[in-house]
Amino acid sequence: MKLPIIAYGDSVLRKKGVDITADYPDLNVLIANMFETMYGAHGVGLAAPQIGLSIRLFVIDATSFGEDEPALMDFKKVFINAEILEENGEKWSFNEGCLSIPDIREDIDRKQNVTISYFDENWQEHEETFSGLAARIIQHEYDHIDGKLFVDKLSPLRKAMLNNRLTSISKGIVKVDYKMKFPAIKKGRR
């Protein structure tokens, strides 16, 4: 089932997610719904806060980048209770976007490599190091479960320049081809 994606400005996007346990209600259904929601919005990653849940869960399918980075050809993963252990390597810039912040894309600097521990959907524990676009997508989604957004990495001047567009997004003044929930509309304001 496709779920509505929470738009910029909602407080759930600013909360640090909490760990979950293997008996989390309907976890497999939630994971399947997150993938379906992500695909329906043409995304490569989706974190639980983006669908209104303050838990440490995100999903990634970077297969669409497989032509650029062959290692991503079948890169589809679930990250539960993830903890970044280390970020290292040169910082590099890449034009990022976010399903919760539609129509805004900005060049964001991130480290080349990330080492992360996490559980997969079968509750198998992993500690892995990822590089390149895989590391970037993981870092972006990990920020969501820590209550951070990619626009937080912009300079104060650049963020100020985007303020009107960000406010419009929170009010639902944006065209998207997927379901969203807008905080200003939710509170009865437009």
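Up top is the structure these notes are about.
Throughout what follows, the structure given in this document is the object of discussion. (Residues numbered from 1 in each chain as written. Predicted model: local features only at pLDDT ≥ 70, side-chain atom pairs only at ≥ 80, totals over all residues. Heavy atoms only, no water.)

## What to know about helix α2 (residues 132-145)
Put simply, the rule reads: Put simply, DSSP marks the helices as runs of H or I at least four residues long and the strands as runs of E at least two long, and each gets a number from the N terminus on. One fewer than the residue count of a helix, multiplied by 1.5 Å, yields its expected span. Only protein chains enter the accessibility calculation, which uses a 1.4 Å probe; a residue is then buried when its area is under 20% of its type maximum, exposed when over 50%, and partly exposed in between.
Taking 1.5 Å as the rise per residue, α2 with 14 residues should run 20 Å; its terminal C-alpha atoms sit 21 Å apart, in good agreement. Within α2, 14 of the 14 residues are buried, which leaves it mostly tucked inside the rest of the structure. In the segment just after α2, Gly147 is the residue with positive phi, at about 80 degrees.

## Some thoughts on the layout of surface pockets
As a reminder of what qualifies: Grid spacing is 1 Å over the protein atoms alone, the probe is 1.4 Å, and a cavity is where that probe fits but cannot get out, while a pocket is an open set with protein on both sides within 12 Å along at least five of seven lines and lining residues have an atom within 4 Å of a point. Grid points are joined across faces, edges and corners, and a volume is the space filled by probe spheres set on the points. Three categories are distinguished: nonpolar for Ala, Val, Leu, Ile, Met, Phe, Trp, Tyr, Cys and Pro, charged for Asp, Glu, Lys and Arg, and polar for the others, with Gly belonging to the last.
Considered as a void within the structure, the largest pocket measures approximately 430 Å³ in volume. In this structure, the largest pocket is lined by 24 residues; those nearest its centre are Val44, Glu96, Gly97, Cys98 and Arg105. Within the residue set of the lining of the largest pocket, elements represented by two or more residues are β4 (76-98), β5 (101-119) and α2. Grouping the constituent residues of the lining of the largest pocket by class yields twelve nonpolar, seven polar and five charged. Ile84, Glu87, Lys91, Asp109, Arg110, Lys111, Gln139, Tyr142, Asp143, Asp146, Lys148 and Lys153 together form the lining of the second largest pocket. Among the elements of the structure, β4, β5 and α2 are those that each provide at least two residues to the lining of the second largest pocket. Classifying every residue of the lining of the second largest pocket by side-chain character gives two nonpolar, one polar and nine charged.

## Section: the sheet that holds β4
The criterion, for reference: When DSSP finds two or more bridges between a pair of strands, those strands are recorded as paired. Comment: axis = line fitted to C-alpha atoms, over the contacting stretch for helices; angle = value between 0 and 180 degrees taken between N-to-C directions. Contacts between residues were defined by any pair of non-hydrogen atoms, one from each residue, lying within 4.5 Å.
With antiparallel pairing, the five strands of this open sheet are ordered in space as β2-β3-β4-β5-β6. Looking at strand neighbours, the two that pair on one side only are β2 (45-47) and β6 (125-131), the edges of this open sheet. Across the sheet, the mean angle from the axis of one strand to that of its neighbour is 45 degrees, orientation sign disregarded. Two strands pair when backbone bridges link them, and strand β3 (residues 57-61) and β4 are joined in this way by five bridges, in the antiparallel orientation. Residue pairing across strands places Asp61 opposite Lys76, the latter belonging to β4. Together, β2, β3 and β4 form the strand contacts of helix α1 (residues 27-40), whose direction differs from that of β3 by roughly 45 degrees. Sheet strands in contact with α2 are β2, β3, β4, β5 and β6, and its direction is about 115 degrees off that of β4.

## Let's talk about the packing of aromatic side chains
Here is the rule: Stacked, tilted and edge-to-face pairs are distinguished by plane angle, under 30 degrees for stacked and over 60 for edge-to-face with tilted covering the rest, among Phe, Tyr and Trp rings (Trp via its six-membered ring) whose centres lie within 6.5 Å. We count a charge as sitting over a ring when the NZ of a lysine or the CZ of an arginine lies within 6 Å of the ring centre and within 35 degrees of the ring normal.
All told, the structure shown has eight aromatic pairs when counted by the stated rule. Aromatic side chains Phe79 and Phe130 sit 6.3 Å apart centroid to centroid with 70 degrees between the ring planes, which places their arrangement in the edge-to-face category. With Phe79 in strand β4 and Phe130 in strand β6, this pair connects stretches of sequence that are 51 residues apart. Residue classification places Phe79 among the buried positions, given a relative accessible area of 0%. Assessed through its relative accessible area of 7%, Phe130 is described here as buried. Ring plane angle 45 degrees and centroid distance 5.3 Å describe the contact between Phe119 and Trp123, whose orientation is recorded as tilted. Judged by its relative accessible area of 22%, Phe119 falls in the partly exposed class. Grouped by ring-pair contacts, the aromatic residues Phe58, Phe75, Phe79, Tyr118 and Phe130 constitute a single cluster. In this structure, Lys76 packs its charged tip against the face of Phe35, placed 4.6 Å from the ring centre. Across from the ring centre of Trp92, 4.3 Å away, lies the NZ or CZ of Arg136, which sits over that ring.

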